[in-house]
Amino acid sequence: MTSSPQLWLNLTCDSRRGQVAAVTRVLEDHEAYIKEFSVYDDPDEARFFLRAVFHSAASPEAIQAALGGDMGIFPSARIQAGRFSEPARVLIMVSRQDHCLRELISAWRREELNMDIVAVVSNHEDARAIVEVEGIPFHHLPITADTKPQQEAQVMRLIETTGAEFIVLARYMQVLSADLCQRLKGRVINIHHSFLPGFKGARPYHQAHERGVKLIGATAHFATTDLDEGPIIEQALERVDHADSPEQLRNAGRHIECLVLSRALRFVLERRVFTNGLRTVVLR
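Note that residues are indexed from 1 along each chain, following the sequence as it is written. Totals for whole chains, interfaces and linings use every residue, but because this is a predicted model, local features are given only for residues with pLDDT of at least 70 and side-chain atom pairs only at 80 or more, for both listing and counting. Side-chain calculation: all heavy atoms of the structure are included, whereas hydrogens and water are not.

## As for helix 8 (residues 246-269)
Then, number 1: Given a rise of 1.5 Å per residue, 24 residues ought to cover 34 Å, and the 34 Å separating the end C-alpha atoms of helix 8 matches this to within 8%.
Then, number 2: The numbering of helices and of strands both runs from the N terminus, where a helix is a DSSP run of H or I of at least 4 residues and a strand a run of E of at least 2. Arg-271 occupies a position one or two residues after helix 8 and carries a positive phi of about 60°. What a helix is expected to span follows from its residue count: subtract one and scale by 1.5 Å.

Here it is as structure tokens:
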């Protein structure tokens, strides 16, 4: 059975009895060999989340039809299924800081991220060389306050023409408009430096140094209309102390940003992440 294609299944619905039995019965009917099976039932929201990885000769469409729709077992459920042999199409956006972009390209080359990078978009030219040497299309789309609507329209057309499923803001230092966030809801992954306490504005690592912070970190989250308030996918922290200079804090912060963004994107590409209101469910 493991010689047949490897598929994934995500299902979200209201909580009720018999859900696991119903899904496994459908998979058995399609002669599936189940490799991974994870569930979470949210008692506060009465919502059920399921992720399955399995081998089957059946098509993802056949699995979805058996589970959802008017004739399915879960007519009102949100159901997605696909083949891991078909990598997700990802568009990356970046400004001048390229450390996260470099890490994503390296992880992609190491085959640690199951994706096709369909394009890199930047409002600056700085990253062109490192992108084009990899054979990835680079699009320089400058932006000002006056040209923001036109630039975002170009970005949206590029997303549509490339068929990008996910958009990664790899230190893209522009705030997406509310309209673009809404149109791309649940598809935009952002990385944000996070400190305890939080520092906003310019030179955050200098602010952290001045306040003598003992922990620095990073947060990967889905972008929403509320700036840096989207559902959190992954976070990490690293201990620092009084002897660290602002430059040392910045270097440590960059390392954590790369780690957290790459890990969050891997969770998304492995179809482990579900949005649940203001939170996420990550079935590891």
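Let's pick the thread back up.
## Observations concerning the pairing of strand 8 (residues 166-169)
Then, number 1: When a residue's accessible area, from a 1.4 Å probe over protein chains only, is under 20% of the maximum for its type it is buried; when over 50% it is exposed; and in between it is partly exposed. Here strand 8 shows no split at all, with Phe-166 and Val-168 on one side and Ile-167 and Leu-169 on the other all buried.
Then, number 2: Judged from the four bridges that link them, strand 5 (residues 88-94) and strand 8 form a sheet pairing that is parallel. Of the residues in strand 8, the one forming a bridge with Leu-91 is Ile-167. Criterion used throughout: strands pair if DSSP finds at least two bridges between them.

## What about empty space enclosed by the protein?
Then, number 1: Throughout, the protein atoms alone are placed on a 1 Å grid, and a set of points is a cavity if a 1.4 Å probe fits but cannot get out or a pocket if it is open with protein on both sides within 12 Å along at least five of seven lines; lining residues have an atom within 4 Å of a point. Grid points are joined across faces, edges and corners, and a volume is the space filled by probe spheres set on the points. Taken as a whole and assessed by the stated rule, the structure comprises one cavity of 30 Å³ or more.
Then, number 2: Put simply, the largest cavity is a space of about 40 Å³.
Then, number 3: Contributing to the lining of the largest cavity are Met-93, Ile-143, Lys-148, Gln-151, Glu-152, Val-155, Tyr-172, Gln-174, Val-175, Leu-176 and Leu-180.
Then, number 4: Broken down by element, the lining of the largest cavity gets its largest block of residues, four residues, from helix 5 (residues 148-162).
Then, number 5: By residue class, the composition of the lining of the largest cavity is seven nonpolar, two polar and two charged. We call Asp, Glu, Lys and Arg charged. Ala, Val, Leu, Ile, Met, Phe, Trp, Tyr, Cys and Pro are nonpolar, and the rest, Gly among them, are polar.

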